[in-house]
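# A closer look at the structure
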Amino acid sequence: MSEISEPVPQTGQLSVRVTAAGVNYADILRAAGTYSGGVELPFIPGSEVIGSATDGRRVMGFTFDGGGFAEHTLLDAAEVVEVPDEVADGAALALLVQGLTAWHLLRSSARIAAGESVAVNAAAGGVGTLAVQLAREFGASRVIATASSADKRALALELGADAAVDSDPDGYPERVREANDGRPVDIVLDANGGPAIAAGLDALAQFGRLVSYGDASREGRPPIDPGSLAERNLSVSAFWLRPALTLPGAYHEPLRELLALTAQGRLRPVVGSEYPLSEARRAFEDVAARRTKGKVVLRVGDRIGQVPSGG
């Protein structure tokens with residue numbers, strides 16, 4: 001931990017006293033110097049925060065250029081979103097990177113239609129836990145969760161998945177079809193990469209869509225022959241949240257929808273692990289080793305994990 005001067009807001013910026021910051025896989029890549037675009041040193045990690053603005057509002061927002069893992073940070077005043085009192089800090093943070101990613105995976109990339117079936121890989125992760133619930137909210141006929149352990153599969157079932165199966169690529173298509181009443185699925189959401197992509201394609205129905213949004217296996221994304229896709233009219237796409245948020249209607253509107261669903265109890269963001277700010281390194285190690293479930297949070301203030309009683 002290092003002490004530096006409190007940042008001074010410039011025109012269009014808002015100073016925020018941070019109560020909590022989210023930990024994302026991208027933060028690990030930035031700290032390692034392997035993230036797309038790189039970073040300029042000195043660098044404070046942390047790309048999403050919630051806290052108290054100088055005008056008293058409880059707000060959250062992105063710090064994509066870093067600065068979130070600190071007691072004070074600066075946010076673009078036009079981009080902050082006020083957080084309802086009914087939504088706790090950790091749950092709110094889960095809706096930024098992970099929630100918006102899950103929303104766009106289903107709505108923008110997969111273009112889910114009512115009555116379609118969805119397989120969610122890494123279903124116990126930050127995005128996966130929300131994608132399982134949102135797929136149901138958006139009208140999926142059947143949601144199949146895949147995860148690497150029995151306790152992670154149990155969590156997905158608790159969140160509303162119709163079935164949960166082992167995510168091992170070996171035998172994946174057969175397990176997913178069996179869980180979908182013997183039929184291939186319409187959509188596969190994949191964060192694992194590597195052989196999971198080929199396995200996911202084998203599980204798709206005619207005109208099925210696979211959306212890749214990560215490479216947790218660190219095995220890369222394999223080349224895909226368009227000719228093999230044509231045999232079942234399949235589509236493959238990839239998703240990255242940051243450029244998507246530059247599009248009109250891609251940020252404030254879905255985020256407010258997610259906050260409203262959470263405040264109403266229809267969406268349950270899972271806060272899996274919380275660490276004090278001083279243990280950010282341990283948080284990174286646990287995320288990298290895939291030892292966590294749901295949203296990983298660094299505690300800076302005192303409003304984590306509980307629904308606040310006031311504004």
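Structural notes, computed from the coordinates. Source: prediction; values computed, not measured. (Residues numbered from 1 in each chain as written. Predicted model: local features only at pLDDT ≥ 70, side-chain atom pairs only at ≥ 80, totals over all residues. Heavy atoms only, no water.)

### Overview of the overall build of the protein
Helix and strand content of the protein: 10 helices and 13 strands. For 311 residues, the compact-globule formula gives about 19 Å, and the C-alpha radius of gyration of the protein, at 19 Å, lands near that figure. Counting every position in the protein, which comprises 311 residues, the buried fraction comes to 52%. Carbon and sulfur atoms form 49% of the exposed surface of the protein, whose accessible area is close to 13,900 Å². Looking at the protein, you have 29 positive and 39 negative side-chain charges, and the mean spots of the two groups are 3 Å apart. (Helix = DSSP H or I, 4+ residues; strand = E, 2+ residues; numbered from the N terminus. Rg over C-alpha atoms; globule rule 2.2 N^0.38 Å. Buried < 20%, exposed > 50% of the residue type's maximum accessible area, 1.4 Å probe, protein only. Areas by Shrake-Rupley, 256 points an atom, 1.4 Å probe, with all protein chains shown as cover. Lys, Arg positive; Asp, Glu negative; His and termini not counted. Charge placed at Lys NZ, Arg CZ, Asp CG, Glu CD.)

### Looking at unusual backbone geometry
The phi torsion of most residues other than glycine is negative, and most of the peptide bonds are trans. One non-glycine residue, arginine 111, adopts positive backbone phi at about 50°. The phi torsion at phenylalanine 207 lies on the positive side, around 60°, for a residue other than glycine.

### Details of the packing of aromatic side chains
Per the counting criterion, the structure on display carries 3 aromatic pairs. Ring centres of phenylalanine 62 and phenylalanine 64 lie 4.4 Å apart, and the angle between their planes is 10°; this geometry places the pair in the stacked category. You'll find phenylalanine 62 and phenylalanine 64 in the same group, each marked buried. Feature note: the residues Phe62, Phe64 and Tyr251 constitute an aromatic cluster, connected by ring pairs. Over the face of the ring belonging to phenylalanine 138 we find arginine 107, whose NZ or CZ atom lies 3.7 Å from the ring centre. (Phe/Tyr/Trp six-rings, centres within 6.5 Å; stacked < 30°, edge-to-face > 60°. Lys NZ or Arg CZ within 6 Å of the ring centre and 35° of its normal.)

### Brief notes about the packing of helix α2 (residues 89–109) against helix α9 (residues 252–263)
At their nearest, the axes of α2 and α9 sit 10 Å apart, and the two run at 105° to each other. In terms of their interaxial angle, α2 and α9 are classed as roughly perpendicular. Residue-level contacts link Leu95, Leu96, Gly99, Leu100, Trp103 and His104 of α2 to Pro254, Leu255, Glu257, Leu258, Leu259 and Thr262 of α9. Across the contact of α2 with α9, the residue classes tally to 8 nonpolar, 3 polar and 1 charged. (Axes fitted to C-alpha atoms, helices over the stretch in contact; angles between N-to-C directions. Parallel < 35°, antiparallel > 145°, perpendicular 65-115°, else oblique. Contact = heavy atoms within 4.5 Å. Nonpolar A, V, L, I, M, F, W, Y, C, P; charged D, E, K, R; others polar.)

### Thoughts on the pairing of strand β10 (residues 204–212)
β10 sits mainly inside the fold: 7 of its 9 residues count as buried. Here strand β9 (residues 185–190) pairs with β10 via 5 bridges, running parallel. Residue valine 185 lies in a different strand from β10, and its bridge partner there is leucine 204. Each parallel crossover has a hand, and the one from β9 via helix α6 (residues 195–202) to β10 is right-handed. With 4 bridges connecting them, β10 and strand β11 (residues 235–238) associate as parallel partners. Looking across to β11, one finds that valine 211 is bridged to serine 237. (Pairing = 2+ DSSP bridges. Right-handed = clockwise from strand over helix to strand, strands pointing away.)

### Some points on the sheet that holds β10
Within the open sheet, the 6 strands sit side by side as β8-β7-β6-β9-β10-β11. Their pairing is parallel. A single partner strand is all that each edge strand has here, and the edge strands are β8 (163–166) and β11. Going from strand to strand, the sheet's axes swing by 20° on average, the running direction of each strand aside.

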